[in-house]
Amino acid sequence: MAVEAEALMIGAQVQGKVRHLGIYGALVDIGTGQDALLHVSQLSADASMQPGAEITAFVYKTRRDGHVALTFEKPPAVPWSAIKQGNTYTGEVIRVEDFGVFVDFGAERPGMVHVSEMADGYVRSPSDVAAVGQAVEVRVIKKSVRPRKIDLTMKQPEEPVVIEDDDPLPTSMAQAFQRAMQSDGSPSGREDGTQNNRRNHRRQQEDILARTLRRAPR
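Fair warning: this is a prediction, and the values are worked out from it, not measured in the lab.

Draft legend 1. Just the packing of aromatic side chains, in detail. The full count for this structure, using the stated rule, is two aromatic pairs. Measuring from ring centre to ring centre gives 6.2 Å for Phe-99 and Phe-102, while their planes differ by 85 degrees; the resulting arrangement is edge-to-face. Directly above the aromatic system of Trp-80 lies the positively charged group of Arg-148, at a separation of 4.3 Å from the ring centroid.

Draft legend 2. Local environment of the sheet that holds strand β2 (residues 25-29). Judged by pairing direction, the barrel is mixed, and its five strands sit side by side in the order β1-β2-β3-β5-β4 before closing back on the first. With strand direction ignored, the average angle separating the axes of adjacent strands in the sheet is 50 degrees. Strand direction decides the pairing type here: strand β3 (residues 36-39) and strand β5 (residues 68-71), joined by two bridges, are parallel. Bridge pairing in β5 links Leu-37 to Ala-69.

Draft legend 3. Here's a closer look at a nonpolar patch on the surface. Together, Ile-23, Tyr-24 and Leu-37 make up an exposed nonpolar region whose accessible area comes to about 370 Å². By secondary structure assignment, the location of Ile-23 is in the loop between β1 (13-22) and β2.

Draft legend 4. Geometry of the pairing of β1. As defined by bridge partners, β1 adjoins strand β4 (residues 54-62) across five bridges and the pair is classed as antiparallel. The residue bridging Gly-16 from the neighbouring strand is Ile-55, located in β4. Here β1 runs beside β2; their pairing, made up of five bridges, is antiparallel. By the bridge assignment for β2, His-20 is matched with Leu-27. Between the antiparallel neighbours β1 and β2 lie two residues.

Draft legend 5. Examining the nonpolar core more closely. The biggest cluster of nonpolar side chains holds 20 residues, and the ones touching the most others in it are Ile-83, Val-103, Phe-105, Val-113, Val-138 and Leu-152. Of all the secondary-structure elements, those providing two or more residues to this core are β6 (88-97), β7 (100-104), β9 (135-144) and β10 (149-153). For this core, the element with the most residues is β9, which contributes three residues. The contacts of Val-113, once residues within four sequence positions are left out, are Phe-99, Gly-100, Val-101, Val-103, Met-118, Val-138, Leu-152, Thr-153 and Met-154.

Draft legend 6. Here's a closer look at the sheet that holds β6. Spatial strand order, β6-β7-β8-β10-β9: five strands in a closed barrel with mixed pairing. Put simply, the sheet's adjacent strands are angled 50 degrees from each other on average, direction ignored. Of the pairings in the sheet, the one linking strand β8 (residues 111-114) to β10 comprises two bridges and is parallel in character. Looking across to β10, one finds that Val-113 is bridged to Leu-152.

Parameters at a glance
- Residues numbered from 1 in each chain as written.
- Predicted model: local features only at pLDDT ≥ 70, side-chain atom pairs only at ≥ 80, totals over all residues.
- Heavy atoms only, no water.
- Phe/Tyr/Trp six-rings, centres within 6.5 Å; stacked < 30°, edge-to-face > 60°.
- Lys NZ or Arg CZ within 6 Å of the ring centre and 35° of its normal.
- Pairing = 2+ DSSP bridges.
- Helix = DSSP H or I, 4+ residues; strand = E, 2+ residues; numbered from the N terminus.
- Axes fitted to C-alpha atoms, helices over the stretch in contact; angles between N-to-C directions.
- Patch = residues over 30% accessible without salt bridge, like charges linked within 9 Å, V, L, I, M, F, W, Y side chains within 5 Å.
- Areas by Shrake-Rupley, 256 points an atom, 1.4 Å probe, with all protein chains shown as cover.
- Salt bridge = Lys/Arg side-chain N within 4 Å of Asp/Glu carboxyl O.
- Core = buried A, V, L, I, M, F, W, Y, C linked by side-chain atoms within 4.5 Å.
- Buried < 20%, exposed > 50% of the residue type's maximum accessible area, 1.4 Å probe, protein only.
- Contact = heavy atoms within 4.5 Å.

Written out as structure tokens, the structure reads:
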């Protein structure tokens, strides 16, 4: 049955037959319809590595054009290129030292958790927090290429502080609307003005009526 090259995962185990040996390595038929390459650095002086030999290998790299590179060594579960600052992994403590612990989380080499990164509070000794064989959750702080080194932490990430304002300031639009409502030109201003005009008109009429009554003959 044919195997789609795109379906092959890094680290997948495959069976194949050596079709050709060349200066770059061995071309292996793994059922994808296109020969996979087992680089010369992977070959040994074993005389059994000849055309027609059946081999078991692992997928080392895949390309979009369908080419597949093989290796006899099983690749790490977590590729070096996939390790990024902030990534979290579950690993196993494999060594405890005075300065910290080493954790295997599936990368090509274990990461190191310094004693100052083992807990949020003070840690007197790494052995007070972790032991060999213990499963721990770690987060990547830094990855160094030269030398290949992975610094980890077991501390909980700090959550951003959100400040809630019970009485938020009104927006500029809201402030303008409030001023307009309080001004004479606002609906409430017009209403108050109308009432004042009516009261003044009624007062004037009462004054006129009072003067008329005073002047009228008795």
